[in-house]
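Each chain, written out:
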Amino acid sequence: MSAIEGRLFAAGMPVAALMEKVAQAIFKRVIALYPHPRVRRIGVLVGPGHNGGDALVVARELHFAGYEVLIYRPLSKGKELTGQHGEYVASLGVKFHDQIEPLLDCDLIVDGLFGFGLERSISGEIAEGINRLNAQSQPVISIDLPSGLHTDTGAVLGTAIQANHTLCLGLWKLGLFQDQALAYVGKAELIDFDIPLADIQAVLGDRHPIHRITSTVAIAHLPLPRPQLTHKYKEGHLLAICGSQRYMGAALLCGLGAKASGVGMLTIAVPNSLKPYMSQQLADALVVGCPETASGAIAHLPDSIDLSSFGAIACGCGLTLDGMGVVQAVLESDRPLILDADGLNALAQLGTIPTLCQRQAFTLLTPHPGEFKRLFPPDQDESEDLVRAVRRASEQTGAVVMLKQARTAIGYPDGSVWINPESTPALARGGSGDVLTGLSSGLIAQAIARKIPVEPLVQTAVWWHAQAAISAALARTELGVDAVTLSEFLLQVLPQFTRSGN
Ligand SMILES: NC(=O)C1=CN([C@@H]2O[C@H](COP(=O)(O)OP(=O)(O)OC[C@H]3O[C@@H](n4cnc5c(N)ncnc54)[C@H](O)[C@@H]3O)[C@@H](O)[C@H]2O)[C@H](O)CC1
Ligand SMILES: [K+]
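Residues numbered from 1 in each chain as written. Chains lettered and ligands numbered in written order. Predicted model: local features only at pLDDT ≥ 70, side-chain atom pairs only at ≥ 80, totals over all residues. Heavy atoms only, no water.

1. What about the nonpolar core?
Right, on to step 1. Counting residues in each nonpolar core, the largest one holds 61 residues, and the members touching the most others are Ile-268, Met-278, Ile-410, Val-458 and Trp-464.
Right, on to step 2. Counting only elements with at least two residues in this core, the list comes to strand 9 (237-241), helix 9 (248-260), strand 10 (265-271), strand 12 (312-315), strand 15 (400-403), helix 16 (432-450), helix 17 (456-476) and helix 18 (483-493).
Right, on to step 3. Ile-305, Ile-313, Cys-315 and Val-330 belong to the second-largest nonpolar core, a separate cluster that totals 48 residues. (Core = buried A, V, L, I, M, F, W, Y, C linked by side-chain atoms within 4.5 Å. Buried < 20%, exposed > 50% of the residue type's maximum accessible area, 1.4 Å probe, protein only. Helix = DSSP H or I, 4+ residues; strand = E, 2+ residues; numbered from the N terminus.)

Structure below.
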């Protein structure tokens, strides 16, 4: 962002004019969210840099709009432009304080302490001020990002403002989408200020891009509409290898996710003793019983299964590590493969990188953070930056890596990363990952049958799964989104987004 900003200034855009333009847009948003006189007293936090300059322009406009404005400016020295705005705002009679106390009873706080220029941990009196404010209950709007968050990693540097709204300026800051920032960001909105595309491309063009998964992107890749002339095998044939006596439900949930994907044919391989249960629950799947170990895991696949006859293979949900032999077999096959849960644990034991480097076909790994660490032990720099870690994992293995967390990130071997910005804590529940594995695998099997690119369907699956959960939580609260309900909402939520559902 600062490189892009530098290009605008070098091209002749006056710094003060850009600040004015940006801050006017912030002001408009603030008064739309908190109109006068519903809100009367606004406290504005002003830092030493241009984030503070933005805040002062907003403070000035709020003053003229009839609000009572109080300023907290803990550091009197700062950048020149910020100082000039400060002088003018003070000349209007707006009161400046170097302590937070006078602002504590304001109806609203606007936070312009630090933006992307934060370069070290916040400490001392400023940190104490932020902590006192966080203990209060009035709403907080942060300019650009909550002061105290690292722009890229979202790490809390010392302490950070807990905002209700973050008005991010110009381009999304990566830190806002990192899990460690979530408790601070509140609702994030982008405030556009007409950055020329050429400048964005000149700075970001040759770097590894990071994208947000939007509904438009996600829907564009759904295997919809179906061609009129088709048959079941042309709509994908998925083999899901899953379940054990210990984890029967995982196999069912994976099956329910796959079923919702619309895949043409679903074959499910489970331990022999699970076959009656699965057949009863999933009437439309072809259930294959496998010889089982004494512990009730799949010992090996029966001879009747010819791996090469499937479009894609999903392996791992509820398998237990006793089913490790089967993971080795599917890794050696030339079929596109989706590995989850114990499939991932088995892969970590086999050696993630050497094993995957031998595979030619598409591989998708779907770890949660614990599994991810087992697969890819972190180096020191990465413990704070999971987006970087996911990118490296994918580049090193050639696999697509879906790191399932509050804001799921997908790494691709070309270095690009896709983040799902919208989700719900309702998904923090046993079984929701099994549904996602089934859904992703079913979509991938369809893409393979249709000969369309497989990779974007991983984004579609993550987005669809999260939207189903959001919709289910709206209908039933966040407590009502058990995995079976989630699988049912997958198909309920889709017509809202797709034309073929109208
Ligand atoms: N292109 C844009 O997006 C625009 C952004 N604007 C705003 O400008 C800020 C970035 O401004 P900058 O002056 O570079 O940095 P900050 O305001 O974030 O703060 C830097 C300031 O603070 C000092 N400092 C850093 N860390 C600490 C610390 N821990 N304790 C104390 N002091 C610290 C540092 O020395 C600097 O003096 C961006 O976020 C937007 O809000 C423009 O207004 C419009 C275009
Ligand atoms: K800020």
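Text resumes after the structure shown.
2. So, the environment of Ser-423
Right, on to step 1. Secondary-structure assignment places Ser-423 in the loop between strand 17 (417-419) and helix 16.
Right, on to step 2. Discounting residues that sit within four places of it in the chain, Ser-423 has contacts with Ala-406, Arg-407, Ala-466 and Ile-470. (Contact = heavy atoms within 4.5 Å.)

3. Focus on the site of ligand 1
Right, on to step 1. Close to ligand 1 lie 24 residues; His-50, Asn-51, Asp-54, Gly-115 and Asp-144 are nearest.
Right, on to step 2. Taking His-50, its main chain carries an N or O atom lying 2.8 Å from an oxygen atom of ligand 1.
Right, on to step 3. In the complex, 89% of the free accessible area of ligand 1, which totals 880 Å², lies under the protein chains.
Right, on to step 4. Mapped by element, the contributors of at least two residues to the shell around ligand 1 are helix 2 (15-33) and helix 3 (50-64).
Right, on to step 5. In terms of residue class, the shell around ligand 1 is built from 12 nonpolar, six polar and six charged. (Near = heavy atom within 4 Å. Polar contact = N/O pair within 3.5 Å; in protein donor to acceptor, adjacent residues only side chain to side chain. Areas by Shrake-Rupley, 256 points an atom, 1.4 Å probe, with all protein chains shown as cover. Nonpolar A, V, L, I, M, F, W, Y, C, P; charged D, E, K, R; others polar.)

4. Details of the coordination of the potassium ion (ligand 2)
Right, on to step 1. Protein coordination at the potassium ion (ligand 2) comes from Asn-51 (OD1), Phe-114 (O), Ile-143 (O), Leu-145 (O) and Ser-147 (OG), with a distance range of 2.7 to 2.9 Å.
Right, on to step 2. The buried category is assigned to Asn-51, whose relative accessible area is 9%. (Donors = N, O, S within 2.8 Å, 3.2 Å for Na, K, Ca; no water.)

5. Some details on the packing of helix 3 against helix 4 (residues 80-91)
Right, on to step 1. For the pair helix 3 and helix 4, interaxial distance at closest approach is 8 Å and the crossing angle is 20°. Accordingly, the angle class assigned to the pair helix 3 and helix 4 is roughly parallel. Here helix 3 and helix 4 pass one another in a crossing that is left-handed. Counted together, His-50, Gly-52, Gly-53, Leu-56, Val-57, Arg-60 and Phe-64 of helix 3 and Leu-81, Thr-82, His-85, Gly-86, Tyr-88 and Val-89 of helix 4 form the full contact between these two elements.
Right, on to step 2. For the contact of helix 3 with helix 4, a count of residues per class yields six nonpolar, six polar and one charged. (Axes fitted to C-alpha atoms, helices over the stretch in contact; angles between N-to-C directions. Parallel < 35°, antiparallel > 145°, perpendicular 65-115°, else oblique. Left-handed = near helix turned anticlockwise from the far one by under 90°.)

6. A closer look at the sheet that holds strand 3 (residues 95-97)
Right, on to step 1. Read from one edge to the other, the open sheet built from seven strands follows the order 3-2-1-4-5-6-7, with strand pairing classed as parallel. Bordering the open sheet on either side are strand 3 and strand 7 (187-191), each of which pairs with just one other strand. Across the sheet, the mean angle separating the axes of adjacent strands is 20° when strand polarity is ignored.
Right, on to step 2. The pairing of strand 4 (residues 108-112) with strand 5 (residues 140-143) spans three bridges and is parallel. Each residue of the ladder has a partner; that of Val-110, found in strand 5, is Ile-141.
Right, on to step 3. The strands that helix 2 touches are strand 4, strand 5, strand 6 (165-169) and strand 7; relative to strand 6, the one it contacts most, it runs at about 160°. (Pairing = 2+ DSSP bridges.)

7. A word on helix 4
Right, on to step 1. In this model helix 4 runs 17 Å from its N-terminal to its C-terminal C-alpha over 12 residues, within 8% of the 16 Å that 1.5 Å per residue would give.
Right, on to step 2. Elements that come into contact with the buried residues of helix 4 comprise helix 2, helix 3, strand 2 (68-72) and strand 3.
Right, on to step 3. Within two residues after helix 4, Gly-93 carries a phi angle of roughly 95°, on the positive side. (Expected span 1.5 Å × (residues − 1).)

8. Details of the pairing of strand 9
Right, on to step 1. Counting buried residues along strand 9, five of its five residues qualify, which places the element largely inside the surrounding structure.
Right, on to step 2. The alternating pattern of strand 9 places His-237, Leu-239 and Ile-241 on one face and Leu-238 and Ala-240 on the opposite face, and all of these are buried.
Right, on to step 3. Note on the crossover from strand 9 through helix 9 to strand 10: the handedness is right-handed.
Right, on to step 4. Of the strand pairs in this sheet, strand 9 and strand 12 are connected by four bridges, and their pairing is parallel. Within the sheet, the bridge partner assigned to Ile-241 lies in strand 12 and is Cys-315. (Right-handed = clockwise from strand over helix to strand, strands pointing away.)

9. Topic: the UniProt feature "binding site: K(+)" (unreviewed entry) in the protein
Right, on to step 1. Mapped onto this numbering, the UniProt entry gives "binding site: K(+)" (unreviewed entry) at Asn-51, Asp-111 and Ser-147. Spatial clustering of the annotated residues is evident: they stretch over 97 residues in sequence, but the largest pairwise C-alpha distance comes to 9.3 Å.
Right, on to step 2. Its location among the elements puts Asn-51 in helix 3.
Right, on to step 3. Filtering out sequence-adjacent residues up to four positions away, Asn-51 remains in contact with Asp-111, Gly-112, Leu-113, Phe-114, Gly-115, Ile-143, Asp-144 and Ser-147. (UniProt positions renumbered as here; feature names shortened; annotations may be inferred.)

10. Some remarks on the UniProt feature "binding site: AMP" (unreviewed entry) in the protein
Right, on to step 1. The sites that carry the UniProt feature "binding site: AMP" (unreviewed entry) are, in the present numbering, Lys-404, Gln-405, Ala-406, Arg-407, Thr-408 and Gly-433. Look at the named residues: they lie 30 residues apart in sequence, but the longest C-alpha span between them is just 13.7 Å, so in the fold they bunch up.
Right, on to step 2. Here Ala-406 shows up in the loop between strand 15 and strand 16 (409-411).
Right, on to step 3. Apart from residues lying up to four places away in sequence, Ala-406 is in contact with Asp-179, Leu-182 and Ser-423.
Right, on to step 4. You can see Gly-433 is positioned in helix 16.
Right, on to step 5. Beyond its immediate chain neighbours, meaning those up to four positions away, Gly-433 contacts Asp-340 and Lys-404.

11. Description of the pattern of salt bridges
Right, on to step 1. Considering all chains together, one arrives at 16 salt bridges under this definition.
Right, on to step 2. With its nearest N and O atoms 2.8 Å apart, the salt bridge here joins Arg-41 to Asp-105. Taken together, the residues Arg-41 in strand 1 (residues 41-46) and Asp-105 in the loop between strand 3 and strand 4 connect sequence positions 64 residues apart.
Right, on to step 3. For Asp-340, the salt bridge identified is with Lys-404, shortest N-O distance 3.3 Å. A residue pair is termed long-range when its members are at least 10 positions apart, and Asp-340 in the loop between strand 13 (337-339) and helix 12 (342-350) and Lys-404 in the loop between strand 15 and strand 16 qualify at 64 residues. Lys-404 shares its class with Asp-340; the two are buried. (Salt bridge = Lys/Arg side-chain N within 4 Å of Asp/Glu carboxyl O.)

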